[in-house]
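So you can see what is in the structure, the chains are spelled out below.
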Amino acid sequence: MDGFDFGAIPGLAEEHRMVRDLVAKFVERDLMPLEPAVLKRESEGQRYGLTPEEEGPLLEKCKELGLWGLDVPEEFGGADLPLAALMAIEEEMGRTVTPFIFPPDSPNLHMLKAVANAEQRAKYLDPYARGEARSSIAISEPGAGGDPAGMTTRAVKDGTDWVINGRKIWVSGVPRADFIILMARTGEGKRQEGVTAFIVERGTPGFIIEREIPMIGGRRTYELVFEDCRVPETQVLGALGAGYAPMQLRLNVRRLQMGARCTGMARRALEMMCEHAKQRVTFGVKLADRQAIQWWIADAATKIHIARLMVRDAAAKLGAGEEVRNEASMLKVFATEMAQETIDHAMQCFGAMGMTKELPLQLMASQVRVQRIYEGPTEVHKMAIARRVLKGMG
């Protein structure tokens, strides 16, 4: 866009800027051209995703370009990029609705890196870091929502095994996951106390995929049931009764990632709105010359800038080992609502065309709407932010 460079991120090291630029080109040249086919299939009621014929060449291209294991430790053959660089990459990936992720899934990787023991690193983290295994995480439960005090799934020690009983919901990526990270109570704490993380492999007796739940935005999640699901004590991930802290690390990374993706989505919507407004004439006047449209553009550009600075600040702090729960909550609330507003204004600017499934805007709108619920609803985050602020002002 002339006169405003959304690609510039002050403070990003030159080597990391080069990687970000490479990703930006990958998005433009390899992912965006697939959007029409992806949108067509989704509009016809088919599963939202890439076909094997589409995904295969993309994975090969990633290996060829070195876009693989970007935050994987060097000991596992990865690039070990800092969080600030990873978030710049996530922003670029947010600009397309073509569903593609550089393997492996970053948030679970961070949780495994933090607490996996030597045996677990060899068995799970190593293949996962190489992109040869997939994972998912099961936290939420029916009726509990975003409140960990409502967690009722329980693991009970039986000899050298743990027997797990309970139910989880809103779990993503289950059918393709080789293992899941399961949060269950092993103690009597009312909130985070007594919560333990377990690694449960696909196919373990008593691990049941109860149902698939279609979501808006083309997403699908799953409800899981655990009926006397027995796992050996070697499957405890981290310290017994101390699973909340590494889970929070995973959630914080995910919330930063969502903030960066929402920034990218808003950028794409703003770019589309500006291009259309400069061309579209109504009642003898270009939309770009109408004050209402100009204010939408000004508000979007300002809020995108704010969101990007919030991402950069939180990434720098988390990368330095600082506590960022408040910053992550603020970012998650601000970025999701900012992206929804910007996308909605872009759809309005396009008029009837903005309501069609031929443009990516409608899919982006649905996806960002889901993100206002994922990883903690907006209202829960606001409650937590207010509680921390009130405590600090006491």
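Residues numbered from 1 in each chain as written. Predicted model: local features only at pLDDT ≥ 70, side-chain atom pairs only at ≥ 80, totals over all residues. Heavy atoms only, no water.

**Observations regarding helix 10 (residues 361-371)**
Which entries qualify depends on this criterion: Each residue is assigned to one of three classes by its accessible area relative to the maximum for its type, calculated with a 1.4 Å probe on protein chains only: buried under 20%, partly exposed between the two thresholds, exposed over 50%. The numbering of helices and of strands both runs from the N terminus, where a helix is a DSSP run of H or I of at least 4 residues and a strand a run of E of at least 2. Throughout, a residue-residue contact means that at least one pair of heavy atoms, one from each residue, lies within 4.5 Å.
Counting buried positions along helix 10 gives 8 out of 11 residues, so the element sits mostly inside the fold. Listed as buried for helix 10 are Leu-361, Gln-362, Leu-363, Met-364, Gln-367, Val-368, Val-370 and Gln-371. Those residues of helix 10 that are buried lie in contact with helix 2 (35-43), helix 7 (244-279) and helix 9 (325-350).

**Regarding the packing of helix 4 (residues 83-93) against helix 8 (residues 291-319)**
Our working definition: Each axis is a line fitted through C-alpha atoms, taken for helices only over the stretch in contact, and angles between the N-to-C directions span 0 to 180 degrees. Handedness of a crossing is defined here by the sense of rotation of the near helix relative to the far one, left-handed for an anticlockwise turn of less than a right angle and right-handed for a clockwise turn. Only Asp, Glu, Lys and Arg are considered charged in this grouping, and only Ala, Val, Leu, Ile, Met, Phe, Trp, Tyr, Cys and Pro are considered nonpolar; every other residue, Gly among them, is considered polar.
The geometry of helix 4 relative to helix 8 is characterised by a closest axis approach of 8 Å and an angle of 145 degrees between their N-to-C directions. The interaxial crossing formed by helix 4 with helix 8 has right-handed handedness. Contacts between helix 4 and helix 8 involve Leu-83, Ala-84, Met-87 and Glu-91 from the former and Arg-308, Val-311, Ala-315, Leu-318 and Gly-319 from the latter. Along the lines of polarity and charge, the residues of the contact of helix 4 with helix 8 split into 6 nonpolar, 1 polar and 2 charged.

**Some details on the side chain of Thr-342**
By the secondary structure assignment, Thr-342 is in helix 9. Relative accessible area serves as the criterion here: at 2%, Thr-342 is assigned to the buried category.

**With respect to the state of the cysteines**
We apply this condition: Any two cysteine sulfur atoms lying within 2.5 Å of each other are counted as a disulfide.
As enumerated under the stated definition, the model contains 0 disulfides in all. A disulfide-free cysteine, Cys-262 has its sulfur positioned 19 Å from the sulfur of Cys-274, the nearest such atom. Among the residues examined, Cys-262 registers a relative accessible area of 0% and is labelled buried. Residue Cys-274 stays outside any disulfide, its sulfur separated by 8.4 Å from that of Cys-349, the closest cysteine. Given a relative accessible area of 11%, Cys-274 falls into the buried group.

**Structural notes on the pattern of salt bridges**
Our working definition: A pair is scored as a salt bridge if a Lys or Arg side-chain nitrogen falls within 4 Å of a carboxyl oxygen belonging to Asp or Glu.
Within this structure, the stated rule accounts for 34 salt bridges. With its nearest N and O atoms 4.0 Å apart, the salt bridge here joins Glu-271 to Arg-267. With Glu-271 and Arg-267 both in helix 7, this residue pair falls 4 residues apart, about one helical turn. Judged by its relative accessible area of 6%, Arg-267 is buried. Members of the salt-bridge network, linked through shared partners, are Glu-28, Glu-91, Glu-92, Arg-95, Arg-267, Glu-271 and Arg-308.

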